[in-house]
Amino acid sequence: MDRVAVSSSSIASVGYDPETLTLEIEFSSGLIYQYFDVPEQVYNDLRNAGSPGGYLASNIKGVYRYARA
Amino acid sequence: MSADASLLGTVQNVQGATVSVELAAETITGIAFVGGYGYRIGQVGSFVRLPMGYVDLYGVISQVGAAAVPTHLIEQEPYGRRWLTVELVGESNGAFGFQRGLSQHPTYGDRVFLVTEPDLAKLYGRQDAPNFLRVGHVANAENVPALVDVNKLITRHSAVVGATGSGKSTTVAGLLLALTDGARFGSARVIVMDIHGEYGAALADRASVYRVNPDTAKGELPLFVPYWAMEFDELLAMTLGKVDDPSRAFVVQKLHEMKMTSLQSAPRPGVTSDSVTVDTPVPFSVHRFWLDLYNLVNATHTAQPNAQDLESIAYLMENGIAQIGDAMSVIAPKYRAPTSGGGVDRIYLSGSPLNIRRQIQTLTSKLRDPRFDFMFRPGGWLPDQDGVPEKDLDELLRCWVGGAKPITILDLSGIPSSILTDLIGVLVRITMDSMFWARNLSEGGRERPLLLVLEEAHAYLAKDDAGPAAVAVQRVVKEGRKYGIGAMIVSQRPAEIDSTILSQCGTIFSMRLANAVDRSHVMAAVTDNLSGLLGMLPTLRTGEAIIVGEAVQLPVRTLIDPPAKNRRPDSTDPLVYDNLGPGGWNRAREPENYADVLNVWRRQNPRSPRLAEEGV
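Cut-offs and rules
- Residues numbered from 1 in each chain as written.
- Chains lettered and ligands numbered in written order.
- Predicted model: local features only at pLDDT ≥ 70, side-chain atom pairs only at ≥ 80, totals over all residues.
- Heavy atoms only, no water.
- Helix = DSSP H or I, 4+ residues; strand = E, 2+ residues; numbered from the N terminus.
- Rg over C-alpha atoms; globule rule 2.2 N^0.38 Å.
- Contact = heavy atoms within 4.5 Å.
- Areas by Shrake-Rupley, 256 points an atom, 1.4 Å probe, with all protein chains shown as cover.
- Buried area = accessible area lost by both parts, 1.4 Å probe.
- Salt bridge = Lys/Arg side-chain N within 4 Å of Asp/Glu carboxyl O.
- Polar contact = N/O pair within 3.5 Å; in protein donor to acceptor, adjacent residues only side chain to side chain.
- Nonpolar A, V, L, I, M, F, W, Y, C, P; charged D, E, K, R; others polar.
- Buried < 20%, exposed > 50% of the residue type's maximum accessible area, 1.4 Å probe, protein only.
- Phe/Tyr/Trp six-rings, centres within 6.5 Å; stacked < 30°, edge-to-face > 60°.
- Pairing = 2+ DSSP bridges.
- Axes fitted to C-alpha atoms, helices over the stretch in contact; angles between N-to-C directions.

This next bit is on the overall build of chain B. The number of helices and strands found in chain B is 15 helices and 23 strands. A globule of 616 residues ought to have a C-alpha radius of gyration of about 25 Å, yet chain B, at 32 Å, is considerably larger. Seen through its C-alpha atoms, chain B measures out along the principal axes to roughly 120 × 65 × 45 Å. For chain B, contacts bridging at least 24 residues in sequence account for 68% of all contacts bridging at least 6. A total accessible area of about 28,400 Å² is found for chain B, and carbon and sulfur atoms account for 52% of it.

Counting from both sides, the interface comprises 25 residues of chain B and, opposite them, 27 residues of chain A. Here chain B packs against chain A, burying approximately 2,100 Å² in sum over the two surfaces, 51% of which is carbon and sulfur. Broken down residue by residue, the surface that chain B buries against chain A is led by B:Leu580, B:Pro582 and B:Arg610, which jointly contribute 28%. Our count for the chain B to chain A interface comes out at 2 salt bridges. The partner of B:Asp596 in a salt bridge is A:Arg65, and the shortest N-O contact between them spans 3.1 Å. For the pair chain B and chain A, the interface holds 6 residue pairs in polar contact (both at pLDDT 80 or more). Each residue belonging to the side of chain B that touches chain A can be placed in one class, and the counts come to 7 nonpolar, 7 polar and 11 charged.

Let us look at the side chain of B:His157. All names here are of chain B. As for its placement among the helices and strands, His-157 is situated in the loop between helix H2 (150-155) and strand E12 (158-161). The exposure class assigned to His-157 is buried, which follows from its relative accessible area of 2%. Among the polar contacts listed, one links the side chain of His-157 to the backbone oxygen of Val-477, at a separation of 3.1 Å. Other than its neighbours up to four places away in sequence, His-157 contacts Lys-152, Val-476, Val-477, Arg-481, Ile-485, Gly-486, Ala-487, Gln-504, Cys-505, Gly-506 and Thr-507.

The next thing to look at is the packing of aromatic side chains. All names here are of chain B. Within this structure, the stated rule accounts for 14 aromatic pairs over all chains. Taking the centre distance of 6.1 Å and the plane angle of 80° together, the rings of Phe-284 and Phe-289 count as edge-to-face. An identical accessibility class is assigned to Phe-284 and Phe-289; each is buried. Seen in terms of ring centroids, Trp-290 and Tyr-294 are 5.6 Å apart; in terms of plane orientation they differ by 45°. Their pairing is tilted.

Okay, the pattern of salt bridges next. Residues and elements named next belong to chain B. Throughout the structure, instances matching the rule amount to 28 salt bridges over all chains. In this structure, Arg-134 and Asp-561 form a salt bridge, with 2.8 Å as the shortest nitrogen-oxygen distance. Taken as a pair, Arg-134 in strand E10 (residues 132-138) and Asp-561 in the loop between strand E23 (556-560) and helix H15 (594-603) lie far apart in primary sequence, 427 residues in all. Among the residues examined, Arg-134 registers a relative accessible area of 37% and is labelled partly exposed. Salt-bridge contacts for Arg-398 lead to Glu-395; the nearest nitrogen and oxygen are separated by 3.4 Å. Here Arg-398 pairs with Glu-395, and both are found in helix H10 (residues 393-401), just 3 residues apart, close to one helical turn. One network of salt bridges, in which partners are shared, links Glu-231, Glu-234, Arg-429, Asp-433, Arg-475 and Glu-479.

Residue and element names in this part refer to chain A. Spatially, E1-E2-E3-E4-E5 is the arrangement adopted by the 5 strands of the open sheet, whose pairing is antiparallel. Edge positions in the sheet fall to strand E1 (3-5) and strand E5 (66-68), since each of these pairs with one other strand and no more. Averaged over neighbouring strand pairs, the angle between their axes works out to 25° when direction is ignored. Pairing between strand E2 (residues 11-17) and strand E3 (residues 22-27): 6 bridges, direction antiparallel. Note that in E3 the partner of Asp-17 across the bridge is Thr-22.

As a further point, take the pairing of E12(B). Two faces belong to every sheet, and in a regular strand the side chains alternate between them. All names here are of chain B. Side chains Ser-158 and Val-160 project from E12 onto one buried face, and the interleaved Ala-159 and Val-161 project onto a second face that is buried too. In terms of strand pairing, E12 meets strand E20 (residues 485-491) through 4 bridges, oriented parallel. Across the sheet, the residue bridging to Val-161 is Ser-491, located in E20. As paired elements, E12 and strand E21 (residues 507-510) share 4 bridges and run parallel to each other. What sits directly across from Ala-159, in E21, is Ile-508.

Printed below as a string of structure tokens:
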């Protein structure tokens with residue numbers, strides 16, 4: 001999955017696969033996670049958020065299931 | 001103030017290699033500035049220099065102290081009588097550079113100086129020497145690289161010890177990355193016994209990963225350990241378990257016959273029917289072996305015990321078919337029930353005197369257990385009933401010791417724990433044997449040394465453990481040097497490791513060790529007059545190691561160069577409070593799906609089935 005860099009202290013880059021509704025996040029620790037069943041709108045909001053880390057914490061964490069890639 | 005700011009004091013007392021130094025009255029405690037750099041005076045573990053004419057002696061400060069001063073001397077000695085205890089370690093003279101050992105001793109009144117950074121570079125230096133490899137930098141001097149001699153590091157064995165969370169796995173990964181740098185060591189080869197499956201991700205591009213349930217999406221390969229590559233005792237432990245002496249003699253004979261038969265149907269170069277023994281790695285069918293033994297002890301016969309043979313077995317007839325069983329699918333034969341009446345139709349019990357019914361039952365269940373398939377159904381190495389497999393062991397050895405990538409990771413995380421110790425013994429023994437016999441070939445260890453990394457060694461190399469793993473590793477550490485196979489023992493509990501093994505490790509990377517018993521074991525294993533330096537072990541920082549032994553010129557407190565963040569082993573502590581990562585207790589609970597949990601558990605593979613595609 002192709003990811004684009006975002007400016008955030010906790011997230012390095014994000015990518016999205018509309019086929020499988022999978023959001024991929026590379027954290028600044030270097031670890032890559034995939035969140036499942038994420039609507040495309042959430043991905044767009046995440047990319048456009050002023051603070052992607054804050055958006056992640058309030059709208060994605062605790063909402064979608066994820067696994068380490 | 002002294003003319004030379006680096007002067008510390010003068011020698012007062014010399015006893016063997018231990019020197020007492022009294023600090024000069026004008027030496028200020030704290031920081032001295034030499035050549036623009038600040039140096040802390042009287043730091044335990046730092047070096048001092050004692051110039052003796054053309055030769056400089058070097059020592060390590062092991063103790064510092066001060067004593068009270070009589071009041072009438074307070075003017076002359078305002079700081080009190082301050083002293084250092086120094087352990088001498090070596091000398092340097094202009095022509096030869098630094099060497100361990102002393103050709104002369106200092107005497108009273110000799111002056112003692114600080115060791116400045118240019119001096120340190122001289123001590124640890126030799127960056128130009130091609131057999132020296134940088135593993136990090138000296139802890140108190142960032143510009144001075146810590147170098148290890150790869151020749152000694154590999155063949156004289158090494159140990160990496162440290163408490164959990166002290167950075168052991170990261171250090172090992174860093175060392176392996178440095179050792180397998182293709183530009184310098186294009187033919188490096190390393191086998192890692194990875195008990196927890198930690199290293200696969202960290203060393204991905206340098207390593208072939210063999211695993212019982214391989215994740216083919218990640219390029220992992222199936223791990224096979226063909227049972228017929230084992231020696232008789234190993235095989236017996238894996239199959240029947242303990243048997244009494246008469247049964248053992250019988251099994252030996254049976255196995256020998258089967259190997260002979262196999263050899264007749266498919267001759268193997270290097271072994272003849274005269275030279276084959278039960279230990280020779282010649283294929284035979286363990287399934288045939290099982291069926292024959294099963295028939296022998298369980299079958300009923302139409303003949304009396306003294307006249308029984310295969311022809312006289314009284315198989316049960318079901319739908320007109322004799323239930324002779326099937327070796328390859330481990331289906332046991334069925335027999336007619338014995339009768340006690342007379343007449344021609346009488347069925348007799350087996351006349352076999354062997355007392356191995358229970359052991360055969362164990363073997364039956366092992367042959368049926370898919371967890372043992374890596375051993376009993378090893379892919380192309382599975383012999384047919386006549387004992388002829390598709391592939392021979394050369395293919396297996398090529399995978400293990402001659403793979404395309406420099407590192408071979410044998411990921412043992414899916415192995416039943418009951419056979420883990422035995423299996424590691426087998427793996428180490430096969431590796432050692434191949435290196436031993438190939439010692440004159442270009443593939444052998446003498447020409448292309450092999451490093452064997454043993455993770456979590458305390459789990460299978462315990463003290464007083466005479467198990468196959470301990471025996472095999474002892475052989476490696478005692479004799480491996482001659483055949484080019486070196487061990488790197490990694491453990492968090494050095495105290496639990498067999499001391500013969502630990503004491504054979506020429507180089508020790510000791511990370512933080514708080515436990516006093518563990519520390520004393522490491523100190524005892526250090527063949528150096530500098531064990532005093534190891535007093536610092538409880539206070540080392542994470543990722544910091546004291547390297548002592550043959551691979552370093554001097555014991556050195558080192559900050560090991562960590563691998564890049566995405567190349568660290570998968571063993572970092574989970575965060576309970578995690579505000580940067582995705583997890584932790586401080587989040588709402590997303591929906592959960594324990595079907596996925598069960599899925600990965602059953603597959604014995606931690607990779608989520610939901611992942612869309614491989615993340616980079």
